[in-house]
Amino acid sequence: LKPTIHRVDATGVIPLSPSLDCVGPLGRTASDTETLFRAILSGGNQEGPAGRRSTEKKTRSKLRLGLPREFFFEMVSPQVQKVFEAALKCLRGLGTRIKEVSIPLLRQTEGAGNQIAWAEATHYHQRSGWFPERAAEYGEDVRSRLVAGTKVSATEYLEALDQQRRFTAQLAQVMAKEAIDALVVPSSTLAAPLIHEETSRVGGKDYPTRALLLLLTRPANLAGVPAISVPSGLTPMRLPVGLQLIGARNSEELLLQIAGLYESAAGLSNTPGL
C-alpha cells in the first residue's frame, strides 16, 4: 500500500490472518534465538515464565525425532534433498533416534491454510475500506490473493477451520503415541530463488515459487505449534538450505536445545561466504 495509508489494528501492525499470524525471533545461532525468544515471552520481565529455565535436559542419545512419510518430500528439489540427507546422517551420528511416522492429514494443510489466510486477509482489507476501493494501489501479488479471498465461501472457510482442528489433533496424537520430541523435515522445497522468479521447476514440473517457499512451513503454522529452521548446508550454487524441527505445543525450549545440538555437531558457518 502507499505510505499515505496508516490505519492499522490495535497491535500496530496489519495482520495477514488473525487465526494464523504469530511472532518469532530470528538469530544467528540457536543460543541467540533462545535469548530473543525469552525476551519476547517474558515481555522484558525476567521473573516471568520465560525467566525460568527447565532443569530437565535431553541427552543426545535420548532424542527421538519423527520423519513423516507423507507430504514433506513430494516436491523437494534434489539439491535440498541431498543437504537434508546429510543433516539426518549428522543427527544419527549424535545418537539421535529417527523414526518414520505417518500423519495423513498433512496433505490438507496447504489448502486449509490458504482458505483461512485468504478469507481473513480480504475481510480485514474490506473492513478497513482499502479493498476493493483502492485495489489499483496494491501490488499484483497482494491484489491477486485478496481477490482469491473474495471467492472463499463461508462453508469453505468453516471446512478449512475444521480441517485445521482435525490436523492439529492428529499431529498431537501421533507425536504422543510415537513418543517423539520433534519432527525433522526440510524448511523449504527449494533453495532461494532468483528475484522475480515466479515459477520454479521441481520434479520436471513448474510450480508457483511463492507456494513452494511456503509449503513446508504451513503445517506447524496451521497447528499452532512451535518450529525452528536451522542452517544445514549449501547447494552447489552456494545457496543456504534449512533443516526444520517441528515440536509439540509449548516445546520451544526443547526445540532450541535440539537445534543447538545439531548446530554444534554440524559445524557449519553461519553465512554462505558470498
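Data block above holds the structure.
Computed from a prediction, not measured in an experiment: that's the story for all the values here. (Residues numbered from 1 in each chain as written. Predicted model: local features only at pLDDT ≥ 70, side-chain atom pairs only at ≥ 80, totals over all residues. Heavy atoms only, no water.)

Asker: Please clarify how the overall build of the protein should be interpreted in this entry.
Answerer: A count of helical and extended segments in the protein gives eight helices and seven strands. Burial statistics for the protein: of 274 residues in total, 42% are counted as buried. Looking at the protein alone, contacts between residues at least 24 apart form 74% of all its contacts between residues at least 6 apart. Roughly 15,400 Å² of accessible area belongs to the protein as shown, and the carbon and sulfur atoms make up 55% of that amount. (Helix = DSSP H or I, 4+ residues; strand = E, 2+ residues; numbered from the N terminus. Buried < 20%, exposed > 50% of the residue type's maximum accessible area, 1.4 Å probe, protein only. Contact = heavy atoms within 4.5 Å. Areas by Shrake-Rupley, 256 points an atom, 1.4 Å probe, with all protein chains shown as cover.)

Asker: Would you mind showing me how to read the pattern of salt bridges here?
Answerer: If the charged atoms of two oppositely charged side chains come close together, the side chains can form a pair. Counting across every chain of the model gives 11 salt bridges. Arg 38 is the partner of Glu 253 in a salt bridge, and the nearest nitrogen-oxygen pair spans 3.0 Å. Placement of the pair is Glu 253 in helix H8 (residues 252-266) and Arg 38 in helix H1 (residues 30-42), with a sequence separation of 215 residues. A relative accessible area of 11% places Arg 38 in the buried class. Put simply, Arg 166 and Glu 159 hold a salt bridge, and the shortest N to O gap is 3.3 Å. The structure contains a network of salt bridges with shared partners spanning Glu 159, Asp 162, Arg 165 and Arg 166. (Salt bridge = Lys/Arg side-chain N within 4 Å of Asp/Glu carboxyl O.)

Asker: Looking at this model, I keep getting lost on the pairing of strand E1 (residues 64-68). Mind explaining?
Answerer: Walk down a regular strand and you will see the side chains alternate between the two sheet faces. Across the five residues that make up E1, a large majority, five, are buried. Side chains Arg 64, Gly 66 and Pro 68 of E1 all project onto a buried face; the interleaved residues Leu 65 and Leu 67 project onto the opposite face, where all are buried too. Both E1 and strand E2 (residues 97-101) contribute to a ladder of five bridges, which runs parallel. The partner of Gly 66 across the bridge, within E2, is Lys 99. (Pairing = 2+ DSSP bridges.)

Asker: Is there a simple way to explain helix H2 (residues 78-93) in this structure?
Answerer: End to end, H2 covers 23 Å across 16 residues, agreeing with the expected 22 Å (1.5 Å per residue, within 8%). Those residues of H2 that sit buried are Val 80, Val 83, Phe 84, Ala 87, Leu 88 and Leu 91. Buried positions in H2, seen along its axis, are confined to an arc of 145 degrees and lie on one side of it. Away from the buried face of H2 by more than 90 degrees, exposed residues Pro 78, Lys 82, Lys 89 and Gly 93 are located. The secondary structure elements touched by the buried residues of H2 are E1, E2, strand E3 (182-186), strand E6 (227-234), strand E7 (240-247) and H8. Taken from the residues just after H2, Gly 95 is the one with a positive phi, measuring 95 degrees. (Expected span 1.5 Å × (residues − 1). Arc of directions from axis to C-beta.)

Asker: I keep staring at the nonpolar core and nothing clicks. Help me out?
Answerer: Formed by 35 residues in total, the largest nonpolar core has its most connected members in Phe 72, Ile 103, Phe 167, Leu 171, Leu 183 and Ile 246. Elements that contribute at least two residues to this core include exactly H2, helix H3 (109-127), helix H5 (154-177), E3, helix H6 (209-215), helix H7 (218-223) and E7. No other element matches the six residues that H5 contributes to this core. Among all residues touching Phe 72, those that are not within four sequence positions of it are Leu 106, Val 185, Leu 216, Pro 219, Gln 244 and Ile 246. Listed in part, the 24 residues of the second largest apolar core include Phe 84, Leu 88, Ile 228 and Tyr 262. (Core = buried A, V, L, I, M, F, W, Y, C linked by side-chain atoms within 4.5 Å.)

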